[in-house]
Amino acid sequence: MPFLRSSSGKETTEASTTVTFSSKHLDLEVQQRFLNLEQGAKIQAEYVWVGGNHELRCKTKTIDQEIGSPADLPVWNFDGSSTDQAPGSDSEVLLVPQAIFRDPFRAGTGGASKNIIVLCDCYKPDPNAPKGVGEPIPSNTRVGCDAIMKKVGAHEPWFGIEQEYTLFEPDGVTPYGWPRGGTPSRPQGPYYCSIGTENAYGRPVVEAHYKACLYAGIEISGINGEVMPGQWEYQVGPCTGIDSGDQLIISRYLLIRVCEQFGVQCSFDPKPIPGDWNGAGCHTNFSTEKMRQAGGYAAIEQAIRRLGAKHQEHIAAYGEGNERRLTGAHETASIDTFSYGVANRGCSVRIPRATEAEGMGYLEDRRPSSNCDPYVVTSMIFQTTTDPEGVEADITASSVAVVA
């Protein structure tokens, strides 16, 4: 009698007799036999986009020839009513290719495959428009970010994003390596940048993701274990302009796919475990050409004052649930205040010690949450800090100003 998967994760027969099975993953070695098969001149193109609830979606298209640029790829479509991006009565949404990466999951023998991952953004159909592509749909934040980056691109914005995340057991409740229904026997302290089975939970996932990013062409600059056990961080950048958001989105896609193969879950929740445990952020390092030149320190402080003047506006766009993380504890500033300081991880914005010493460099906005939209965050930081008419908050380093 066939089995049906229930929402609880148990399997039931058609006669509704409940049968419980232990968790078992499909054999990836068997899959690999087929992944190594020749595929001739055909190319598999995995189209990836951001869904209506900030989740990532994907579907695969067979391409008949090698691709040189996103413009060589066809516009595709999907059912937007199934992703909360269109009504059922007019559900077609178009996928427009914007960036290409190598596909580490279909790399073939020796990594020689031409298969690709295609980052797309989403548009309404318009038969009277070029290629039938109409206006961007409301959830398409990439298009606005791209416009801002191009408008003031002469400033040459560089971004380096520190993506924190937490690994969970398949139940989605227990952080990976934690006892079920309990907490580790030791508090925070020994887990940050740690080694050892008793400290570093889930390193195989982290290493696999690192290599997947390198193969794909992501500018991943490093990894480290974080303060809470089961929590990790990787860094993407420096990247210029829109490329920063594109690369972070695909790096998240790769991470979720790697976790899928290991049978664990990945959470970008900014405070996955309440209590005396660190949250997860997406610290965003930023500079313009002027900041990176001799004497750029004055431009850095001016940019920070402009960020301070729009603190609440930025907070509102820096990710859902951030109020649970930005409490003033666990290496955060309070969500209600804006502050900055040199080498101070308890401030809203940190100036690295080397930047102060050299009189030029970059700033680190520590407010964005781990689940933030990188297109929104990078474009807001860039626009706010480079606005020639931008208002500046009346604050100095290490001070804290209460924002109404």
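Note that the coordinates shown come from a computational prediction; the quantities given were computed from them, not determined experimentally.

Draft legend 1. Broad picture of the pairing of strand β6 (residues 76–79). With burial as the criterion, only one face of β6 is covered, namely that bearing W76 and F78; the residues N77 and D79 on the opposite face remain uncovered. Judged from the four bridges that link them, β6 and strand β7 (residues 92–102) form a sheet pairing that is antiparallel. Paired with F78 across the strands is V93, a residue of β7.

Draft legend 2. Inspection of the side chain of E46 at higher detail. One can find E46 in strand β4 (residues 43–50). Those residues within four positions of E46 in sequence are excluded, and the remaining contacts are C58, K59, T60, D103, R106, I116, I117, V118, Y253 and R257.

Draft legend 3. Region of interest: empty space enclosed by the protein. On inspection of all chains with the given rule, the structure shows three cavities of 30 Å³ or more. Residue lining of the largest cavity: V50, Q85, L119, C120, D121, C122, I137, S139, N140, T141, R142 and Y375, and that is the complete set. Looking at the lining of the largest cavity, the element that brings in the most residues is strand β8 (residues 116–125), giving four residues. Considering only residue class, the lining of the largest cavity consists of six nonpolar, four polar and two charged.

Draft legend 4. Representation of the side chain of E301. Within the secondary structure, E301 sits in helix α6 (residues 297–309). An unpaired buried charge is present at E301: no salt bridge exists, and R305, the closest side chain of opposite charge, is 4.7 Å distant. At 3.0 Å, the side chain of E301 and the side chain of Y340 are in polar contact.

Draft legend 5. Spotlight on α6. Look at α6: 19 Å from first C-alpha to last across 13 residues, which is about the 18 Å you get at 1.5 Å a residue. Those residues of α6 that fall on the buried side of the exposure criterion are Y297, A299, I300, E301, A303, I304, R306, L307 and G308.

Draft legend 6. A look at the environment of H54. Turning to its location among the elements, H54 is positioned in the loop between β4 and β5 (56–63). H54 sits in the exposed class, given a relative accessible area of 57%. C-alpha separation for the pair H54 and S287, spaced 233 residues apart in sequence, amounts to 27 Å.

Draft legend 7. How the structure looks around unusual backbone geometry. Omega for the bond connecting G237 with P238 falls within 30 degrees of zero, at 5°, which places this linkage in the cis form. Topologically, P238 is positioned in strand β12 (residues 231–240). The phi dihedral of E156 falls on the positive side, at around 50°, and the residue is not glycine. Looking at the secondary structure, you find E156 in the loop between α2 (142–151) and β10 (158–168).

Analysis parameters
- Residues numbered from 1 in each chain as written.
- Predicted model: local features only at pLDDT ≥ 70, side-chain atom pairs only at ≥ 80, totals over all residues.
- Heavy atoms only, no water.
- Buried < 20%, exposed > 50% of the residue type's maximum accessible area, 1.4 Å probe, protein only.
- Helix = DSSP H or I, 4+ residues; strand = E, 2+ residues; numbered from the N terminus.
- Pairing = 2+ DSSP bridges.
- Contact = heavy atoms within 4.5 Å.
- 1 Å grid on protein atoms, 1.4 Å probe; cavity = no way out; pocket = protein on both sides within 12 Å on 5 of 7 lines; lining within 4 Å.
- Points joined across faces, edges and corners; volume = space filled by probe spheres on them.
- Nonpolar A, V, L, I, M, F, W, Y, C, P; charged D, E, K, R; others polar.
- Lys, Arg positive; Asp, Glu negative; His and termini not counted.
- Salt bridge = Lys/Arg side-chain N within 4 Å of Asp/Glu carboxyl O.
- Polar contact = N/O pair within 3.5 Å; in protein donor to acceptor, adjacent residues only side chain to side chain.
- Expected span 1.5 Å × (residues − 1).

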